[in-house]
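Chain residues, written in single-letter form:
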Amino acid sequence: MTRIDTVGALESSVRSAIASATISDIHTHLFPPSHGNLLLWGVDELLTYHYLVAELFTLAPRELSYERFWAMPKAAQADMIWEHVFLRGGALSEAARGVLTALNKLGLDMGKRDLAQARRYFAGRDVDEHLQTVLDLANIDYAVMTNNPFNPAEAGYFQRGLPIPERLKTALRIDPLLVDWPSAVAVMSAGGYDVKLAPDAKSFSEVRRFLIDWSRRMRPVYFAASLENDFLYPQESLQAQVIEKALVPAAMEVGCPVALMIGVRRNLNPGLIDGGAGVGVADVSAVTSLCSRFPQAKFLVTLLARVNQHELAVAARKFSNLHIFGCWWFCNTPSIIDEMTRQRIELLGTAFTAQHSDARVLDQLLYKWSHTRAVMAEVLVDKYRDLWQTSWRPTPEEIQRDARALLGGSFAAFLAK
Ligand code: HDL
Ligand code: ZN
């Protein structure tokens, strides 16, 4: 084991460990190339990311209506965002800077501001090869997708058993079960599951069968749902019954954690479609109540509001069946990643997963992770420097161990325990 004898050597060891750590990206919206145009990639998809669409409307002239924008071809939408958010707006936002980082990582000199050059590059790329290139460049061993059996297009691809690259894993995303019961019942009934709108015991057993059947088909890493900030538990509701009588029992039966992503305020501005959701403060006691109620189940949780993060980190100290992850969505900005990672290390050591990309466009992996690595490196330099003051001398191997723990290692350990 090599020794580190100076603070300078410590700092460079930490920076190189973070820069070189292999990442497991535990939540994305990527799809297998065999699932057609569900997988988004390329410069026009990067530019029309719903984060940037929302930013366009903070800048564009009032006469640009949502209807007119959505009626445009994708390239025209991208051109408009390039004009307003980048060329006139200055590209300072995280999502805008991210596009430029991603394209630069692919070898495109975005200092030239040449969109046509970027389009020519992607026109020449093969999607299967591009997927591996991006995962390699970002140093990602695997990425977990978001796979919704209630979405007919997604379900259809899985039912055809199309090839899924080894480095893409599945997550069984079941929001309709919790937030749109009638539509979930319609899909399950059409699939031959005897589920009633006013569910009885048989109905809940049939929901469990639906989840287990899909688990056998998809082999998910975890079950997942995104819930609005007003989610409460316990509560006397159909939603609570679905959680208690179907979701958690089925997840435990197949050995999957339940991932809960809480805090969204859906359709704050419907005109923006995916970009129209906002954030609201969640009730963290819903999380701790679930962890208490189901001590044998495992819960992966990320919350959307910055103000919820401290209470969630404290909750993770109290429940060994709770693993917190990511700086989700509106928290995925350098200033908040810094604050959250610092706070979590101070409360949890490395027993959490620092980040997930949430990438919707394949090429976003390149910026979401390089931006996160840069912030994490400086947080960890500070924390190891604090540790150094105690005469404790971490070795380079230990620092690499800790970096990996924060970027997928602790997640793997949580799955295995
Ligand atoms: O519910 C989710 O998984 C969220 O991540 C939404 O997909 C959201 O639109 C998003 O992409 N956030 O980054
Ligand atoms: Zn997501």
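Residues numbered from 1 in each chain as written. Chains lettered and ligands numbered in written order. Predicted model: local features only at pLDDT ≥ 70, side-chain atom pairs only at ≥ 80, totals over all residues. Heavy atoms only, no water.

Asks: Requested: an account of the coordination of the zinc ion (ligand 2), with residues and values cited.
Replies: Put simply, the ideal angle at a metal is 109.5 degrees for four donors in tetrahedral geometry and 90 or 180 degrees for six donors in octahedral geometry. On the protein side, the zinc ion (ligand 2) has His27 (NE2), His29 (NE2) and Asp358 (OD) as donor atoms, found 2.0 to 2.1 Å from it. Between the donor residues of the zinc ion (ligand 2), the gaps in sequence give the motif H-x1-H-x328-D. Accessibility assignment for this pair places histidine 27 and histidine 29 in one class, buried. (Donors = N, O, S within 2.8 Å, 3.2 Å for Na, K, Ca; no water. Buried < 20%, exposed > 50% of the residue type's maximum accessible area, 1.4 Å probe, protein only.)

Asks: Provide a residue-level description of the sheet that holds strand S2 (residues 140-144), including the pertinent values.
Replies: Read from one edge of the open sheet, three strands run S1-S2-S3, paired in parallel fashion. Each end of this open sheet is capped by a strand with a single partner; those strands are strand S1 (23-25) and strand S3 (168-169). Here two bridges tie S2 to S3, and the two strands are oriented parallel to one another. Paired with valine 144 across the strands is lysine 169, a residue of S3. Along the sheet face, helix H17 (residues 364-388) touches S1 and S2 and points at about 125 degrees away from the line of S1. (Pairing = 2+ DSSP bridges. Helix = DSSP H or I, 4+ residues; strand = E, 2+ residues; numbered from the N terminus. Contact = heavy atoms within 4.5 Å. Axes fitted to C-alpha atoms, helices over the stretch in contact; angles between N-to-C directions.)

Asks: So what's going on with helix H18 (residues 396-416)? Residues and values would help.
Replies: An ideal rise of 1.5 Å per residue puts 30 Å on 21 residues; H18 reaches only 26 Å between its terminal C-alpha atoms. Of all the bends in H18, the greatest measures close to 75 degrees and is centred on alanine 405. Here H18 has its buried residues at Pro396, Ile399, Asp402, Ala403, Ala405, Leu406, Leu407, Gly408, Ser410, Phe411 and Phe414. (Expected span 1.5 Å × (residues − 1). Bend = angle between axes of the 7 residues up to and from the residue.)

Asks: Requested: an account of the site of ligand 1, with residues and values cited.
Replies: In the vicinity of ligand 1, the residues found are His27, His29, Tyr49, His50, Tyr51, Arg173, Ser226, Met261, Trp328, Trp329, Asp358 and Arg360. Take histidine 27: an N or O atom from its side chain is 3.2 Å from an oxygen atom of ligand 1. Summarising the interface, the protein chains cover 94% of the accessible area of ligand 1, which totals 330 Å² for the free molecule. One can see that ligand 1 is located within the largest pocket. (Near = heavy atom within 4 Å. Polar contact = N/O pair within 3.5 Å; in protein donor to acceptor, adjacent residues only side chain to side chain. Areas by Shrake-Rupley, 256 points an atom, 1.4 Å probe, with all protein chains shown as cover. 1 Å grid on protein atoms, 1.4 Å probe; cavity = no way out; pocket = protein on both sides within 12 Å on 5 of 7 lines; lining within 4 Å. Sits in = over half its atoms within 2 Å of the grid points.)

Asks: Any chance you could break down the packing of H17 against H18 for me, citing the residues and the numbers?
Replies: Where H17 meets H18, the axes come as close as 12 Å, and the angle between the chain directions of the two elements is 130 degrees. With respect to H18, the axis of H17 lies oblique. With respect to the hand of their crossing, H17 and H18 are arranged in right-handed fashion. Here Trp369, Met376, Leu380 and Tyr384 of H17 come into contact with H18, specifically with Glu398, Ile399, Asp402, Leu406 and Leu407. Taken together, the residues of the contact of H17 with H18 sort by class into seven nonpolar, no polar and two charged. (Parallel < 35°, antiparallel > 145°, perpendicular 65-115°, else oblique. Left-handed = near helix turned anticlockwise from the far one by under 90°. Nonpolar A, V, L, I, M, F, W, Y, C, P; charged D, E, K, R; others polar.)

Asks: Account for the packing of helix H6 (residues 94-105) against H17, with residues named and values stated.
Replies: Viewed as axis vectors pointing N to C, H6 and H17 meet at an angle of 105 degrees, and their least axial separation amounts to 7 Å. Comparing their axes, H17 and H6 come out roughly perpendicular. Note on element contacts: H17 touches H6 through Leu366, Tyr367, Ser370 and His371, opposite Glu94, Ala95, Arg97, Gly98, Val99, Thr101, Ala102 and Lys105. Its residues assigned to classes, the contact of H6 with H17 comprises five nonpolar, four polar and three charged.

Asks: Could you give an account of the nonpolar core, naming the residues involved and the relevant values?
Replies: One finds Phe86, Leu177, Met188, Phe299, Leu322 and Leu365 to be the most contacted residues of the largest nonpolar core, which totals 152 residues. Considering each element in turn, this core owes the most residues, twelve residues, to H17. Not counting residues within four places of it along the chain, the set of residues in contact with phenylalanine 86 comprises Leu47, Leu52, Ile81, Ala91, Ala96, Val99 and Leu100. (Core = buried A, V, L, I, M, F, W, Y, C linked by side-chain atoms within 4.5 Å.)

Asks: Give a description of unusual backbone geometry that names residues and reports values.
Replies: Here the bond from tyrosine 233 into proline 234 is cis, since omega is 0 degrees, no more than 30 degrees from zero. By the element assignment, proline 234 lies in the loop between strand S5 (222-228) and helix H13 (238-254). A positive phi angle, close to 60 degrees, is found at asparagine 139, a residue other than glycine. With respect to the secondary-structure elements, asparagine 139 resides in the loop between helix H8 (127-138) and S2.

Asks: Describe the state of the cysteines, with residues and values.
Replies: In this structure the tally under the stated criterion is zero disulfides. Residue cysteine 291 stays outside any disulfide, its sulfur separated by 17 Å from that of cysteine 256, the closest cysteine. For cysteine 291, a relative accessible area of 2% puts it in the buried group. With no disulfide of its own, cysteine 331 has cysteine 327 as its nearest cysteine by sulfur position, at a separation of 6.8 Å. (Disulfide = S-S within 2.5 Å.)

That is the geometry; function is a separate question.
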